[in-house]
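What the coordinates show
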Amino acid sequence: MRRWTDFFILIAVLAAMIVLFGLMRDSFFSMGTLGTVANRIPALALVATGMTLVMVTGGIDLSVGSLLGFCGAVTGVLMADLHWGLALAVLASVAVGALIGSTTGAVSVKLRLPSFIVSLGMLEIARGLAFLTTNSQTKYIGADIEALGAPFGGLVISPAFVISLLVVAAGQVMLSQMAIGRHLIAIGANREAALVSGLSVDRPRIFAHALLGALTGLAAVFNCSRLGSADPNAGTGFELGAIAAVVVGGTSLMGGRGSVVKSFMGVLIIATLEAGLIQVGATEPVKRVVTGLVIVAAVLADTWRRK
Amino acid sequence: MKSLANEFFQTMAEGAKKHQAAHAGDYELLVNGIKNETDLAEQVGLVDQMVSQGVQAIVIAPADSKALVTVLKRAKEAGVLVINIDNKLDADTLKQAGLSIPFVGPDNRAGAKAVGEVLAKKLKAGDEVAIIEGVTTAFNGQKRKAGFEDAMNAAGMKIVASQSGQWEMEKANGVAAGILAANPNVKALLCANDNMALGAAAAVQGAGKAGQVQIIGFDNIAALKPLLADGRVLATCDQHGDKLAVFGIEAALKVLKDKTTPADQQTPVDVVVK
């Protein structure tokens, strides 16, 4: 029953935010707003799904923002300069993401280094690679990629949005219904106990990092599709939004507890907050202060309820 | 240099390297940039290193118009000629430090005003417009915003929103989408750089308002060309990024050769349409 209470609280927070912004600005209740939020969601939802799997094991990956920039850069160069088709470019971006993610995972797991530090190093490496790949230039891709992020059938929903919902659903099934998911949670809850009971504790963790990398690669393509171009600076600070969404959704930073669907609720809350603050005309300093306060308040509320 | 991660400064550095290659007998060139545009401490360190390496002149695009003054004073006292490019050092701070450093560069405000005037011709008095600003602490960003305001106020437009897109495409995309949703009558988005104009163009398309909202940018980067060609972006401003550092270098060489006192020098800005 506990999980339904958590879920209800997240929905209540989201509803309260929507009502509050709606009262402050009439135009908040519009298709335009829905479109803005729906646009922001796919990339954040994909990365938050992967991040949840890494964080339930007690790990973290700070490099996803830079990786988003690097995979986008790869997509941009392949499509704009080398004229690859979309399908191949998606495969390449996902493969590059998985490769970088598994490298971060393998180095941290096999060499017994904290993933915080290894991924901090990767944050620098991936950003450097993004600049190298594009020679620090924004790449304009255009119509070849835009369809993926554009609404279809007169709705506000894009193919990217649908795919991201499917990934969230699959991630939730994997975490709560499948052996690998329970395995990841067991590792996060008590690594020694998992080890003693004969579970492999290395490979699942590397797998989680690789999956996060692959999802970040896909998120990078979605990001490019929304903008029609690839910017090597894309995703600066993106890791903070993704981690905030996961934490707001109640996943423990210590591992052992987490839910992909609740992370998705966190994504909705973060995306609505961003859209709302822009629409009420909040200045940059106010936006930052409010966003920070909301994150801390969410974690605080979660901790209190568990005491 | 400021961040070599930014296309604009990369172009500037490449222009300078080409110039040096063509005048290899006249001077040697060291190009140094910082990791991100707000890393002031790193740029201060670079200036100190350059001075201790014994360079004759430093041509600098300061990451901050005030915070670099102290270290540049040290450089001048060590006998190094300092020329300021791109981002103008704050006049009051220079005065307080008792320092005179010539600025060789474009007038961002005049450039933004000129692009704004091209836009004003496409609108009618009373139309609603919105500005997407750069990083709010950046001097050139402030000047561009002021230039946009000059042009819009002169033509009687109503500026209904002005928010920062942090110089970034994705941030500007979110801000533009929000502005369009909150102000359905907005007829134009004035963006303080081209990356943000690209983000704004995607937002206009996303809102189903293609052709109804004019966009202008600043910098004339290569990625903007297709959008200028099909009219999604109306105009931008070229401050000749590839020559900006070269202008500074040429000014420095002239002073070193002729032993003259350096003076401020304005470099050209051109409006680019289609």
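Given the structure is predicted, the values throughout are model-derived calculations rather than measurements. (Residues numbered from 1 in each chain as written. Chains lettered and ligands numbered in written order. Predicted model: local features only at pLDDT ≥ 70, side-chain atom pairs only at ≥ 80, totals over all residues. Heavy atoms only, no water.)

A word on the overall build of chain B
Which entries qualify depends on this criterion: The helix and strand labels rest on DSSP assignments: H or I over at least four residues marks a helix, E over at least two residues marks a strand, and numbering proceeds from the N terminus. Radius of gyration means the value over C-alpha atoms here, while the globule rule gives 2.2 Å times the residue count to the 0.38 power. For every residue, the accessible area (1.4 Å probe, protein chains only) is compared with the maximum for its type, and the residue is labelled buried under 20%, exposed over 50%, or partly exposed between those bounds. The contact criterion used is simple: two residues touch if any of their non-hydrogen atoms lie within 4.5 Å. The Shrake-Rupley method, run with a 1.4 Å probe sphere, supplies the accessible areas, and residue values consider only the shown protein chains as cover. In this tally, Asp and Glu contribute negative charge and Lys and Arg positive charge; neither His nor the terminal groups of the chain are included. Every charge is mapped to an atom, namely NZ of Lys, CZ of Arg, CG of Asp or CD of Glu.
Looking only at helices and strands, chain B has 10 helices and 10 strands in total. Its C-alpha atoms give chain B a radius of gyration of 20 Å, within 12% of the compact-globule value 19 Å for 274 residues. Each principal axis of the C-alpha distribution contributes one length, and for chain B these read about 60 × 40 × 30 Å. The buried share among the 274 residues of chain B stands at 55%. Across chain B, the fraction of contacts at a sequence separation of at least 24, relative to all contacts at a separation of at least 6, is 70%. Carbon and sulfur atoms make up 50% of the accessible area of chain B, which totals about 11400 Å². Charge separation in chain B, taken as the distance between the mean sites of 29 positive and 31 negative side-chain charges, equals 4 Å.

Observations regarding empty space enclosed by the protein
Residues and elements named next belong to chain A. To be explicit about the condition: Using a 1 Å grid laid over the protein atoms alone, points where a 1.4 Å probe fits but cannot get out form a cavity; open sets with protein on both sides within 12 Å along at least 5 of 7 lines form a pocket; any residue with an atom within 4 Å of a point counts as lining. Grid points are joined across faces, edges and corners, and a volume is the space filled by probe spheres set on the points. Just so you know the grouping, Ala, Val, Leu, Ile, Met, Phe, Trp, Tyr, Cys and Pro go in nonpolar, Asp, Glu, Lys and Arg go in charged, and all remaining residues, Gly too, go in polar.
A complete count under the given rule lists three cavities of 30 Å³ or more for this structure. Approximately 70 Å³ is the volume attributed to the largest cavity. Lining the largest cavity are 14 residues, and of these N223, C224, A230, D231 and A234 sit closest to its centre. Counting residues per element, the ones that place at least two in the lining of the largest cavity are α3 (64-81), α10 (203-227) and β2 (229-230). A class-by-class count of the residues in the lining of the largest cavity yields nine nonpolar, four polar and one charged. When its volume is computed, the second largest cavity comes out at roughly 60 Å³. Taken together, N39, R40, P42, A43, G149, S158, A160, F222, N223, S225 and R226 form the lining of the second largest cavity. Elements supplying a minimum of two residues to the lining of the second largest cavity: α2 (31-56) and α10. Here the lining of the second largest cavity is built from residues that sort into four nonpolar, five polar and two charged.

Some details on helix α10 (residues 241-258) of chain B
Residue and element names in this part refer to chain B. Spelled out, the test is: One less than the residue count of a helix, multiplied by 1.5 Å, gives the span that helix is expected to have.
The end-to-end C-alpha separation of α10 is 26 Å, in line with the 26 Å expected for 18 residues at 1.5 Å each. For α10, the full list of buried residues reads G241, L244, A245, V246, F247, G248, I249, A251, A252 and V255. Lining the buried residues of α10 we find α1 (7-22), β1 (57-60), β2 (81-85), β3 (103-105), β8 (235-238) and β9 (265-266). Downstream of α10 by a residue or two, K259 has a phi angle that is positive, lying close to 55°.

Description of the environment of D81 of chain A
All names here are of chain A. Cut-off, in case you're wondering: Pairs of N or O atoms are called polar contacts if they sit within 3.5 Å, as long as, within protein, a hydrogen donor faces a hydrogen acceptor (for residues adjacent in sequence, only side-chain-to-side-chain pairs).
Residue position: D81 is located in helix α3. Spatially, the C-alpha atoms of D81 and L184 are 41 Å apart, while their sequence positions differ by 103 residues. The contact partners of D81, leaving out residues within four places of it in the chain, are G76 and K139. Among the polar contacts made by the side chain of D81, one reaches the side chain of K139 at a distance of 2.9 Å.

Here we look at the pattern of salt bridges
Inclusion rule: Between Lys or Arg on one side and Asp or Glu on the other, a salt bridge is scored when a side-chain nitrogen of the former is within 4 Å of a carboxyl oxygen of the latter.
Summed over all chains, the structure comprises 19 salt bridges over all chains. Linking K254 of chain B and D258 of chain B is a salt bridge whose minimum nitrogen-to-oxygen distance equals 3.8 Å. Of this pair, K254 of chain B and D258 of chain B both sit in helix α10, four residues apart, which is roughly one turn of that helix. A single network of salt bridges, built from pairs that share partners, joins R40, R226 and E274 of chain A together with E170 of chain B.

Comments concerning the domain arrangement of chain B
By a widely used convention, the size of an interface equals the accessible area lost when the partners come together. Residue and element names in this part refer to chain B. Defined as follows: Marked domain ranges trace back to an automatic or database domain assignment. Note: buried area is the sum, over both parts, of the accessible area (probe 1.4 Å) each one loses when the two are combined.
Domains assigned within chain B are domain 1 (7-106 + 240-268) and domain 2 (108-238). Here domain 1 and domain 2 have C-alpha centroids that lie 30 Å from each other. Taken together, the contacts link 11 residues of domain 1 with eight residues of domain 2. Across the interface of domain 1 and domain 2, roughly 770 Å² is buried in total on both sides, 44% from carbon and sulfur atoms. Broken down residue by residue, the surface that domain 1 buries against domain 2 is led by E7, F8 and H240, which jointly contribute 41%. Here domain 1 is connected to domain 2 by zero salt bridges. At the junction of domain 1 with domain 2, the criterion picks out two residue pairs in polar contact (both at pLDDT 80 or more). Looking at side-chain class alone, the side of domain 1 that touches domain 2 contains three nonpolar, four polar and four charged residues.

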